[in-house]
Amino acid sequence: MNRQDKLPYLRTRSIRYTWVATPNEIAVMTQASEPTFQISQYTQSQVPPGLINLGLGQPTPSLLPQTEICESASIALSKDIHLFQYAAKEGFLAFREKLAQFLTHEYRFPVYANELIATGGTSQGIPMVTEIFNSPGSLVCVEDPTYHIALDIFRSVHADLISVPVDDQGMQVDILEERLRQGVIDASRLSLVYTIPTYHNPTGVSVPPARRRRLIELAHEFDFYIMADEPYAILSFAPPPHSEDGDQQMQERIASLVFWDRIVSGTRGPRVLSLGSFSKIFAPGMRLGWIHVAHPQGTCAEEVPPLLQRVIAHGMLVSGGGPHAIGTGVGHAALETRGFPPVIAPPPGV
């Protein structure tokens, strides 16, 4: 069976969904205070007037917090000359402490600085984790369908891919279990399961708690790790888990997979590496994100989880230090002065 047979959805070309505006609509957009187009030498993608490209996962330029970033940069770049040196591999402590406070507020469960390392965004986190946990001949399991560019990242690090289908509740964990028990998936070769559990790309669905729990139990039973790509959970309109208001089932359905890893894994040690990003909540050009790994129960919060220590030992970090030191400094200044990135700041009166 060739790779395309294993991943049948890849036999079709990627679809770019676009909406072409009428002349009247173009006039409205060009006169609006928040235009939806961008033509610039700086951008990865060009969006001409009159075209809304639904294939782009990026904010409209008018939402980019230019003033706030400039103010934060002014603070960060004038504070300490050491910001221009090779950075601490994990990202400097003050940034991770502020990030932990922010995530604790957003997730509604405790997050500690030593559970976090800074990254240059999810697109850097995916190959880092894959290179550490995927050895020649091992397998990475992805959802079918999944974020299509992640597949290119996996192939760039020579990962062998297999897939499990997605339904209206996300990854079909029962099919993964069935294939592992029947030997359809060689459990001895499976190193990683890559999942987007909350607001899945491209389907938009979220995995319910029972499936989340079962996936983590399978990770312990069959000795694989879970890479959870979670850039969207903070963007939810629903209240976080265990808050006083809102539907409890929905709250738990969108919780970070680290939340469930703590509950299920207990003292056995974590199985989830959660990848987060400021690209969706602040500005993509910051190239700033994080990897989050829970402490095993009964261990000191001041210690770095052994699973995260394996990531920190990646050769790229040992050689060059933490990625994007200046961006980390700017992100820290934004969190310190405002408490949360301005893009997701609540509207007045909310």
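Read on for a plain summary of the structure. (Residues numbered from 1 in each chain as written. Predicted model: local features only at pLDDT ≥ 70, side-chain atom pairs only at ≥ 80, totals over all residues. Heavy atoms only, no water.)

1. Side note on the pairing of strand β7 (residues 190-195)
Alright, step 1. Taking burial as the measure, the 6 residues of β7 include 6 buried ones, the bulk of the element.
Alright, step 2. The sheet contact formed by strand β4 (residues 139-144) and β7 spans 3 bridges and is parallel. Among the inter-strand pairings, V140 is bridged to a residue of β7, identified as L192.
Alright, step 3. In terms of strand pairing, β7 meets strand β8 (residues 225-229) through 4 bridges, oriented parallel. Opposite V193, over in β8, you have I226 as the bridge partner.
Alright, step 4. Note on the crossover from β7 through helix α8 (residues 209-222) to β8: the handedness is right-handed. (Buried < 20%, exposed > 50% of the residue type's maximum accessible area, 1.4 Å probe, protein only. Helix = DSSP H or I, 4+ residues; strand = E, 2+ residues; numbered from the N terminus. Pairing = 2+ DSSP bridges. Right-handed = clockwise from strand over helix to strand, strands pointing away.)

2. Details of the packing of helix α3 (residues 66-79) against helix α13 (residues 325-338)
Alright, step 1. Relative orientation of the contacting elements α3 and α13 amounts to 110°, with a least axis distance of 8 Å. The orientation of α3 with respect to α13, classified from their angle, is roughly perpendicular. For the pair α3 and α13, the sense of crossing is right-handed. Only I326, G329, V330, H332, A333, A334, E336, T337 and R338 of α13 make contact with α3, whose side of the interface consists of E68, I69, E71, S72, A73, I75, A76, L77 and K79.
Alright, step 2. Its residues assigned to classes, the contact of α3 with α13 comprises 9 nonpolar, 4 polar and 5 charged. (Axes fitted to C-alpha atoms, helices over the stretch in contact; angles between N-to-C directions. Parallel < 35°, antiparallel > 145°, perpendicular 65-115°, else oblique. Left-handed = near helix turned anticlockwise from the far one by under 90°. Contact = heavy atoms within 4.5 Å. Nonpolar A, V, L, I, M, F, W, Y, C, P; charged D, E, K, R; others polar.)

3. Considering α8
Alright, step 1. The terminal C-alpha atoms of α8 lie 20 Å apart, and with 14 residues this matches the ideal 20 Å at 1.5 Å per residue to within 8%.
Alright, step 2. Taken as a whole, α8 has its buried residues at P209, R211, R212, L215, I216, L218, A219, H220 and F222.
Alright, step 3. Where α8 terminates, the next one or two residues include D223, which has phi positive at roughly 60°. (Expected span 1.5 Å × (residues − 1).)

4. Quick look at the pattern of salt bridges
Alright, step 1. In the structure shown here, the tally under the stated rule is 9 salt bridges.
Alright, step 2. The closest approach of N and O atoms between R211 and D167, which form a salt bridge, is 2.9 Å. Note that R211 is positioned in helix α8 and D167 in strand β5 (residues 160-167), a separation of 44 residues in sequence.
Alright, step 3. On the basis of relative accessible area, R211 is assigned to the buried category, the value being 17%.
Alright, step 4. Residues joined by salt bridges that share partners form a network here, namely E177, R181, R214 and E221. (Salt bridge = Lys/Arg side-chain N within 4 Å of Asp/Glu carboxyl O.)

5. Quick look at the packing of aromatic side chains
Alright, step 1. Counted under the stated rule, the structure contains 9 aromatic pairs.
Alright, step 2. On the numbers, 5.2 Å between centres and 75° between planes, the contact of F154 with Y194 is edge-to-face. Placement of F154 in helix α6 (residues 148-156) and of Y194 in strand β7 is noted, with a sequence separation of 40 residues between them.
Alright, step 3. On the basis of relative accessible area, F154 is assigned to the buried category, the value being 0%.
Alright, step 4. Judged by relative accessible area, Y194 falls into the buried class, the value being 0%.
Alright, step 5. Grouped by ring-pair contacts, the aromatic residues F92, F95, F278, F282 and W290 constitute a single cluster.
Alright, step 6. Looking at R271, its charged tip hangs above the ring of Y225, at a distance of 4.4 Å from the centre. (Phe/Tyr/Trp six-rings, centres within 6.5 Å; stacked < 30°, edge-to-face > 60°. Lys NZ or Arg CZ within 6 Å of the ring centre and 35° of its normal.)

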